[in-house]
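Next come the chains, spelled out residue by residue.
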Amino acid sequence: MSDSQQELAPEGDATWTLSEMEHLLATWIVKVWQNRRLDQYAPAWDPGGRHSPNTLFAAAAARDGICLEIPPPELYYELLPVHFVRIDTRRGVKIGGLWYGAHSRVLEPHRGRLSGRGGRHAGKWAIHRDPRDCRQVFIELDGAWHELRWNGLPPGQEAPAFSDAHVGDVLRQAAKAGLKPRSDAELLPVLLGLVASKTPVDAWPTQMTQQQKTERARNLARA
């Protein structure tokens, strides 16, 4: 194809990036959609007037004001995927092939006992977790949320975050190697090997300097 033909080929400029598409959609919403005239959906108090979503929002704000409700921190836990399980007397709860809460004091009064839940999940306990970070799960007891750490984590130490995909890889590699772990701690080397293949060891929290740990803690607090 000659240079002149390439200049006339429209398909050469027909590809947009995701950010360009996002900008186009946002521009259309702000300039067109929010300012379009509402005919059949005009308000009952002024059916013949010229109104748009923007003018109706302004009228409502002028009449009733704007109330911004900040959600409570507990909403984060409530919106996480939930699993209904029993609490083992020794190992805690099993979620996605891993055990959590073996050393948790908050589980002590409930180990081996049924919950007061009825219906489809009668007797089971609700456990919430973030599929992007499987280092811990969460349980609500007596109106408060508690973290249950993965049993494979060394006590008092941090490890890189790992997702559902990592857990699946760990379990498959352990099975492929003929590993029959007696505890989740025996899965930790397999997990760290997988994480290290994607995340440099010097980027792990345990390998950071004190200043880097402080900065990381500050960023987590902000999040």
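Please refer to the structure placed before this passage.
Below is a short write-up of the structure. (Residues numbered from 1 in each chain as written. Predicted model: local features only at pLDDT ≥ 70, side-chain atom pairs only at ≥ 80, totals over all residues. Heavy atoms only, no water.)

Quick look at the sheet that holds strand 4 (residues 125-130) now. Reading across the sheet, the four strands line up as 1-4-5-6 and stay open at both edges, with antiparallel pairing between neighbours. Only two strands of the sheet have a single neighbouring strand rather than two, namely strand 1 (82-85) and strand 6 (144-149). Recorded for the sheet is a direction-independent mean angle of 35 degrees between the axes of neighbouring strands. Where strand 4 lies against strand 5 (residues 133-141), four bridges are found, and the strand directions are antiparallel. Bridging across to strand 5, His-128 finds its partner in Phe-138. (Pairing = 2+ DSSP bridges. Helix = DSSP H or I, 4+ residues; strand = E, 2+ residues; numbered from the N terminus. Axes fitted to C-alpha atoms, helices over the stretch in contact; angles between N-to-C directions.)

Okay, a nonpolar patch on the surface next. A surface patch of nonpolar side chains, about 550 Å² in accessible area, is lined by Leu-25, Trp-28, Ile-29, Val-30, Val-32 and Trp-33. By the element assignment, Ile-29 lies in helix 2 (residues 18-31). (Patch = residues over 30% accessible without salt bridge, like charges linked within 9 Å, V, L, I, M, F, W, Y side chains within 5 Å. Areas by Shrake-Rupley, 256 points an atom, 1.4 Å probe, with all protein chains shown as cover. Salt bridge = Lys/Arg side-chain N within 4 Å of Asp/Glu carboxyl O.)

Following the criterion strictly, the structure yields four salt bridges and no others. For Asp-133, the salt bridge is made with Arg-135, and the minimal N-O distance between the two is 2.8 Å.

A general feature of soluble globular proteins is that nonpolar side chains tend to end up buried together. Of all hydrophobic cores here, the largest spans 20 residues; its most connected members are Val-93, Tyr-100, Ile-127 and Leu-148. Sorting the residues of this core by element identifies strand 2 (93-95), strand 3 (98-100), strand 4 and strand 5 as the ones contributing at least two each. For this core, the element with the most residues is strand 5, which contributes four residues. (Core = buried A, V, L, I, M, F, W, Y, C linked by side-chain atoms within 4.5 Å. Buried < 20%, exposed > 50% of the residue type's maximum accessible area, 1.4 Å probe, protein only.)

Below, the discussion takes up the pairing of strand 6. Pairing between strand 5 and strand 6: six bridges, direction antiparallel. Bridge pairing links Val-137 to Leu-148 in strand 6. Hairpin connection, strand 5 to strand 6: the antiparallel pair is bridged by two residues, and Asp-142 has positive phi, about 55 degrees.

Here we take up the environment of Ala-165. When you line up the elements, Ala-165 lands in helix 5 (residues 164-176). Put simply, Ala-165 and Cys-134 are 31 residues apart on the chain and 9.9 Å apart in space, counted from C-alpha to C-alpha.

The next thing to look at is the packing of aromatic side chains. Applying the stated rule across the entire model yields five aromatic pairs. The interplanar angle of 40 degrees and the centroid separation of 5.8 Å between the aromatic rings of Trp-28 and Trp-33 together place this pair among those described as tilted. The class for Trp-33 is partly exposed, based on a relative accessible area of 38%. Summarising the aromatic geometry, the rings of Tyr-76 and Phe-138 are spaced 6.4 Å apart at their centres and angled 75 degrees between planes, so their arrangement reads as edge-to-face. On the criterion of sequence distance, the pair formed by Tyr-76 in helix 4 (residues 75-78) and Phe-138 in strand 5 is long-range, its members being 62 residues apart. A relative accessible area of 38% places Tyr-76 in the partly exposed class. Exposure remark for Phe-138: the relative accessible area of 8% places this residue in the buried category. Here the aromatic cluster, defined as three or more aromatic residues joined through ring pairs, consists of Tyr-76, Tyr-77, Phe-138 and Trp-145. The ring of Trp-33 has Arg-36 sitting right over it, with the charged end atom 3.7 Å from the ring centre. (Phe/Tyr/Trp six-rings, centres within 6.5 Å; stacked < 30°, edge-to-face > 60°. Lys NZ or Arg CZ within 6 Å of the ring centre and 35° of its normal.)

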